[in-house]
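Examination of the molecular architecture
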Amino acid sequence: MKLRNLTLPDRPAVFAPMAGLSDGACRHLMADHGAAWTVSEMASAKAITFGDKKSLTLLRDAHPHGLYAVQLFGAEPETLAAAIGIIREKGIAFDLLDLNMGCPAPKITSGGAGSKLLLDPALCGRMVAAARQALGQDIPLTVKMRIGWDEDHRTGVEVARQCEANGADLIAVHGRTREQMYVPPIDAGAIGEIRAAVSVPVLANGDITTAADAAQLLEQTGCAGVMIGRGALGDPWLFERVNAVLAGDPEPEPPTLNRRMAAMRAQIYEMCEEKGEWAAMPQARSQAMHYMKGLKGAASLRRYCSMLEHFPDVDRLIDAAYRLQQ
């Protein structure tokens, strides 16, 4: 796959942006296990133009692993263009820029951003055009979107066409409306309709927890690749399995308990190095819980995860996990 100045894998598997979850430590782990590229947590274009340092911190990765995209949200084309200019002036390095048109959170949609943009396809097109002009012609511009706002406003096809016409190079589609949030199961047919409506590559997103899920979704939609989010939390090896199956190779064996615990410990350690223990450990609780999936005594181990306060607690959690597997 070729996106402007980047040559990417055929049928890529990409790690999705997730607010509060896809920090640097998490992204690095996913990239190391085969994610074609990773995406920052989303940052507000308006906040960046107001000089908000926290928003810039969300985008800055001093040592990205592999290809790295930054993601912005907003509802004003001119503000978006200004924010991109500021990001570049501040020296924030990135390989791709992603526009969020899919976040369903009320605090985002109440300001007209995220999936609220899907109610105005023409505005979506203007947002993409403003971003393309601010970026220039070399850096790939991608869009993350949903199939529509609700059942009465399934605007995905029209939005995707507007995005393509105004300079988007790739579109990732989550197969639910904003009204559906994260249930029921995704609508693969709706993703396929959007894919058929545009000529740029489309990534299918939603409900991928196994390599078989990814292969089936590509078969159902005809998409160029997949975007994986929550399914990879606590299981970065999912990217290795998906990549193997999509390449026609045997699926690798699941990781051993040793590898799982080592990966969890390394991820939390990097979080502490990046943010400081005080800020990192509350966030590490939810990350650790994902590594407990499928283990004996998982319920009690998750309760242990919820009490993590200091980094040495991670080693005590690992000791408990080993004891319960015996």
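If you're wondering where the values come from, they're calculated on a predicted model, not measured in any experiment. (Residues numbered from 1 in each chain as written. Predicted model: local features only at pLDDT ≥ 70, side-chain atom pairs only at ≥ 80, totals over all residues. Heavy atoms only, no water.)

Let's talk about the layout of surface pockets
To be explicit about the condition: We place a 1 Å grid over just the protein atoms. Points where a 1.4 Å probe fits but has no way out form a cavity, open points with protein on both sides within 12 Å along at least 5 of 7 lines form a pocket, and any residue with an atom within 4 Å of a point lines it. Grid points are joined across faces, edges and corners, and a volume is the space filled by probe spheres set on the points. Going along the chain from the N terminus, every DSSP run of H or I of four or more residues is numbered as a helix, and every run of E of two or more is numbered as a strand. Ten residue types, Ala, Val, Leu, Ile, Met, Phe, Trp, Tyr, Cys and Pro, are classed as nonpolar, four, Asp, Glu, Lys and Arg, as charged, and the remainder, Gly among them, as polar.
Taken as a whole, the second largest pocket spans an internal volume of roughly 180 Å³. The wall of the second largest pocket is formed by 13 residues, among which Lys 46, Gly 74, Ala 75, Gly 111 and Ala 113 lie closest to the centre. Broken down by secondary-structure element, the contributors of at least two residues to the lining of the second largest pocket are helix 2 (45–49), helix 4 (77–89) and helix 5 (106–109). Looking at the lining of the second largest pocket residue by residue, the class counts come to six nonpolar, four polar and three charged.

Remarks on the side chain of Lys 144
We apply this condition: Pairing of N or O atoms within 3.5 Å defines a polar contact, subject to two protein rules: one partner must be a possible hydrogen donor and the other a possible acceptor, and residues neighboring in sequence count only if both atoms are side-chain atoms. Should any heavy atoms of two residues lie within 4.5 Å, those residues are counted as being in contact.
Looking at where Lys 144 falls in the secondary structure, it is placed in strand 7 (residues 141–148). A polar contact of 3.5 Å, which involves the side chain of Lys 144, links it to the side chain of Asn 205. Sequence-distant contacts of Lys 144, that is, excluding residues within four places in its chain, are made with Gln 71, Asp 98, Leu 99, Asn 100, Met 101, Gly 102, Ala 172, His 174, Asn 205 and Met 227.

Some thoughts on the packing of helix 1 (residues 24–32) against helix 11 (residues 257–275)
Helices that pack against each other are described as a pair by the angle of their axes relative to one another and the distance between those axes. Going by this rule: Axis definition: a line fit to C-alpha positions, over the contact stretch in the case of helices; interaxial angles, taken between N-to-C directions, run 0 to 180 degrees. Oblique is the label for any angle not under 35 degrees, not over 145, and not in the 65 to 115 range, which are roughly parallel, roughly antiparallel and roughly perpendicular in turn. In this scheme the handedness of a crossing depends on how the near helix is turned from the far one: anticlockwise by less than a right angle means left-handed, clockwise means right-handed.
The N-to-C vectors of helix 1 and helix 11 enclose an angle of 140 degrees; their axes lie 8 Å apart at closest approach. For the element pair helix 1 / helix 11, the angle class is oblique. Crossing geometry of helix 1 relative to helix 11 is assigned as right-handed. For the pair helix 1 and helix 11, contact is made by Gly 24, Ala 25, Cys 26, His 28 and Leu 29 and by Ala 263, Gln 267, Glu 270, Met 271 and Glu 274, respectively. A breakdown of the residues in the contact of helix 1 with helix 11 according to their chemical character gives five nonpolar, three polar and two charged.

Here we look at the nonpolar core
The criterion, for reference: To form a nonpolar core, buried Ala, Val, Leu, Ile, Met, Phe, Trp, Tyr and Cys residues must be joined to one another through side-chain atoms within 4.5 Å. The rule is simple: take the accessible area with a 1.4 Å probe, protein chains only, and divide by the maximum for that residue type; under 20% is buried, over 50% is exposed, in between is partly exposed.
In this structure, Leu 72, Met 101 and Met 145 are the most contacted members of the largest nonpolar core, which totals 67 residues. Of the residues forming this core, the biggest block, six residues, is contributed by helix 6 (residues 121–135). Beyond its immediate stretch of four places on either side in the chain, Met 145 contacts Met 101, Gly 102, Leu 118, Gly 156, Val 159, Ala 160, Ile 171, Ala 172, Val 173, His 174 and Ile 194. Leu 29, Ala 263, Ile 268 and Phe 311 belong to the second-largest nonpolar core, a separate cluster that totals 26 residues.

Quick notes on the pairing of strand 7
Quick note on the threshold: Strand pairing is assigned whenever DSSP detects at least two bridges linking the two strands. Crossovers are described as right-handed under a simple rule: with the strands pointing away from the observer, the path leading from the first strand over the helix to the second runs clockwise.
Within strand 7, eight of the eight residues are buried, which leaves the element mostly enclosed by the surrounding structure. Pairing of strand 6 (residues 96–101) with strand 7 involves five bridges; the strand directions are parallel. Paired with Asp 98 across the two strands is Thr 142, which belongs to strand 7. With six bridges connecting them, strand 7 and strand 8 (residues 170–177) associate as parallel partners. Opposite Val 143, over in strand 8, you have Ile 171 as the bridge partner. Crossover connection from strand 7 via helix 7 (residues 156–165) to parallel strand 8: handedness right-handed.

Brief notes about the packing of aromatic side chains
Two descriptors summarise a pair of aromatic rings, namely the distance from one centre to the other and the angle between the planes of the rings. Keep this limit in mind: Any pair of Phe, Tyr and Trp rings, taking the six-membered ring for Trp, is counted once the centres come within 6.5 Å. Such a pair is stacked with planes under 30 degrees apart, edge-to-face with planes over 60 apart, and tilted for the rest.
In the structure shown here, the tally under the stated rule is two aromatic pairs. For the ring pair Phe 15 and Phe 239, a centre distance of 6.2 Å and an interplane angle of 85 degrees mean the geometry is edge-to-face. Here Phe 239 lies in helix 10 (residues 237–246) and Phe 15 lies in strand 3 (residues 13–15), a separation of 224 residues in the sequence. For the pair Phe 15 and Phe 239, a shared accessibility class is recorded, and that class is buried. Between Tyr 269 and Phe 311, the aromatic rings sit 5.5 Å apart at their centres with planes inclined by 70 degrees, giving edge-to-face as the arrangement. With Tyr 269 in helix 11 and Phe 311 in the loop between helix 13 (298–305) and helix 14 (312–325), this residue pair connects regions lying 42 residues apart in the sequence. Given the relative accessible area of 13%, Phe 311 is considered buried.

Some remarks on helix 4
As a reminder of what qualifies: Residue count minus one, scaled by 1.5 Å, sets the expected span of a helix.
Spanning 13 residues, helix 4 covers 19 Å between terminal C-alpha atoms, matching the ideal 18 Å at 1.5 Å per step. Buried residues of helix 4: Pro 77, Thr 79, Leu 80, Ala 83, Ile 84, Ile 86 and Ile 87, and no others. If you follow the buried residues of helix 4, they end up packed against helix 2, helix 3 (53–59), strand 5 (67–73), strand 6 and helix 6. After helix 4 finishes, the residue Gly 91 shows a positive phi value of roughly 75 degrees.

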